[in-house]
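Letter by letter, the chains look like this.
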Amino acid sequence: MAARVTLATFPPINAIVGESQPQPPADLYPANNNIVKQVRAITGHDAKWIYAQCQHYGYDRPAMMPSDELMKLLRDMCADFAVSVGTGIIIFG
């Protein structure tokens, strides 16, 4: 009896023709993760909120953000935390 051949036995087409798999964008600023984790330990923000704020600034995650954009994320985290605990805030700049 001949072996049964199915599509599952063939490798992906890009492996056959030598194309590489698409790679996710590189984390250019991996140290940002530690900074955000330290602030998050105080503010209690969940990861979904942080990723949503990153996307607001055009990035997928904190490690992709240059320092000026990271400061905006950290400002948002601190301002949100201040409001959540009943502290008035004034943001300059």
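Each remark here, short or long, concerns the structure printed above.
Attention in this report is confined to the structure presented alongside it. (Residues numbered from 1 in each chain as written. Predicted model: local features only at pLDDT ≥ 70, side-chain atom pairs only at ≥ 80, totals over all residues. Heavy atoms only, no water.)

When helices and strands are tallied, the protein chain shows four helices and zero strands. The helix and strand sequence of the protein chain, counted from the amino end, reads α-α-α-α. Here the protein chain, with 93 residues, has 25% of them falling under the buried criterion. In the protein chain, once contacts between residues fewer than 6 apart in sequence are set aside, the share between residues at least 24 apart is 53%. Taken as a whole, the protein chain presents about 7,000 Å² of accessible surface, with 60% of it coming from carbon and sulfur. (Helix = DSSP H or I, 4+ residues; strand = E, 2+ residues; numbered from the N terminus. Buried < 20%, exposed > 50% of the residue type's maximum accessible area, 1.4 Å probe, protein only. Contact = heavy atoms within 4.5 Å. Areas by Shrake-Rupley, 256 points an atom, 1.4 Å probe, with all protein chains shown as cover.)

Our focus in this paragraph is the nonpolar core. One finds Val36, Val39, Ile50, Cys54, Tyr57, Met65, Leu70, Leu73, Leu74 and Met77 forming the largest nonpolar core, which totals 10 residues. Among the elements of the structure, helix 2 (31–43), helix 3 (47–56) and helix 4 (67–84) are those that each provide at least two residues to this core. Of the residues forming this core, the biggest block, four residues, is contributed by helix 4. In contact with Ile50, not counting residues within four places along its chain, are Val36, Arg40, His45, Pro62, Leu73 and Met77. (Core = buried A, V, L, I, M, F, W, Y, C linked by side-chain atoms within 4.5 Å.)

As far as function goes, none of this settles anything; it's purely spatial.
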